[in-house]
Amino acid sequence: MFYDLTVVQNSKMLQNLSAILDKAAAFADSKKFDVTVLLNARLAPDQFNLTRQIQIACDSAKLGAARLTGKVDSAPKHADDETTLADLQQRIRDTVDYLATFSEADFNTAATQHITQPRWEGKYLHGYEFLIQHVMPNVYFHITTAYAILRHNGVDVGKKDYLGAMPYKV
């Protein structure tokens, strides 16, 4: 389950986000405005803009996998200095490529890992709690917020764009 959620599902959601960003670029082009307007858009004055939502979604996915497997030092470092849609698309690709380096075996002890972060002030979560209550909600929150910013600004995206291809059976 850990591999499926941290690698397979997070990769899929990031790729869906990438496709949504392609639609944002096409929308900006068709309306003849600079896509940077969308990158700086936010839903509320005290909320992060689209660029920061994408950065955090990527960070949550890559660091979630890294912390659960004890491979934090291998996680790609990003300076959070992306200013263009191309920069953000590259960050998504880098994150998906990094997630692809993990195997199911890497997560064998993930459930019992003690996961902490500096801002938790010495507190920790077990790996299972960290995945279910921190990683997945953060990835979904920031991708959903990115989707909502674009939708709010008129980009023609819907639930199918957010969910992506489904493995339907017949």
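Let's talk about the side chain of Gln-117
- Of note, Gln-117 is situated in the loop between β1 (114-115) and β2 (125-126).
- Judged by its relative accessible area of 6%, Gln-117 is buried.
- Within polar-contact distance, the side chain of Gln-117 engages the side chain of Arg-119 at 2.9 Å.
- A polar atom in the side chain of Gln-117 sits 3.2 Å from the side chain of His-134.
- Look past the residues within four positions of Gln-117 in its chain and what remains in contact with it is Arg-67, Phe-130 and His-134.

Details of the packing of aromatic side chains
- Counted under the stated rule, the structure contains 6 aromatic pairs.
- For the pair Phe-102 and Phe-107, a centre-to-centre distance of 5.7 Å together with 45° between the ring planes defines the contact as tilted.
- By relative accessible area, Phe-107 is classed as buried at 6%.
- Judged by centre distance (5.9 Å) and plane angle (70°), the rings of Tyr-147 and Tyr-162 are edge-to-face. Placement of the pair is Tyr-147 in helix α5 (residues 127-152) and Tyr-162 in helix α6 (residues 159-163), with a sequence separation of 15 residues. The same class applies to Tyr-147 and to Tyr-162, which are both buried.
- Each member of the aromatic cluster is reached from another via a ring pair, and the members are Tyr-3, Tyr-98, Phe-102 and Phe-107.
- In this structure, Arg-52 is placed above the aromatic ring of Phe-48, and the distance from its NZ or CZ to the ring centre is 5.7 Å.

Here's the deal with the nonpolar core
- Leu-14 and Leu-50 are the most contacted members of the largest nonpolar core, which totals 47 residues.
- At the level of elements, α1 (2-31), α2 (36-39), α3 (50-69), α4 (85-99) and α5 are the ones that each hand at least two residues to this core.
- Those residues within four positions of Leu-50 in sequence are excluded, and the remaining contacts are Leu-21, Leu-38, Leu-39, Ala-41, Ala-146, Ile-149 and Leu-150.

Each value, and the rule that gives it
- Residues numbered from 1 in each chain as written.
- Predicted model: local features only at pLDDT ≥ 70, side-chain atom pairs only at ≥ 80, totals over all residues.
- Heavy atoms only, no water.
- Helix = DSSP H or I, 4+ residues; strand = E, 2+ residues; numbered from the N terminus.
- Buried < 20%, exposed > 50% of the residue type's maximum accessible area, 1.4 Å probe, protein only.
- Polar contact = N/O pair within 3.5 Å; in protein donor to acceptor, adjacent residues only side chain to side chain.
- Contact = heavy atoms within 4.5 Å.
- Phe/Tyr/Trp six-rings, centres within 6.5 Å; stacked < 30°, edge-to-face > 60°.
- Lys NZ or Arg CZ within 6 Å of the ring centre and 35° of its normal.
- Core = buried A, V, L, I, M, F, W, Y, C linked by side-chain atoms within 4.5 Å.

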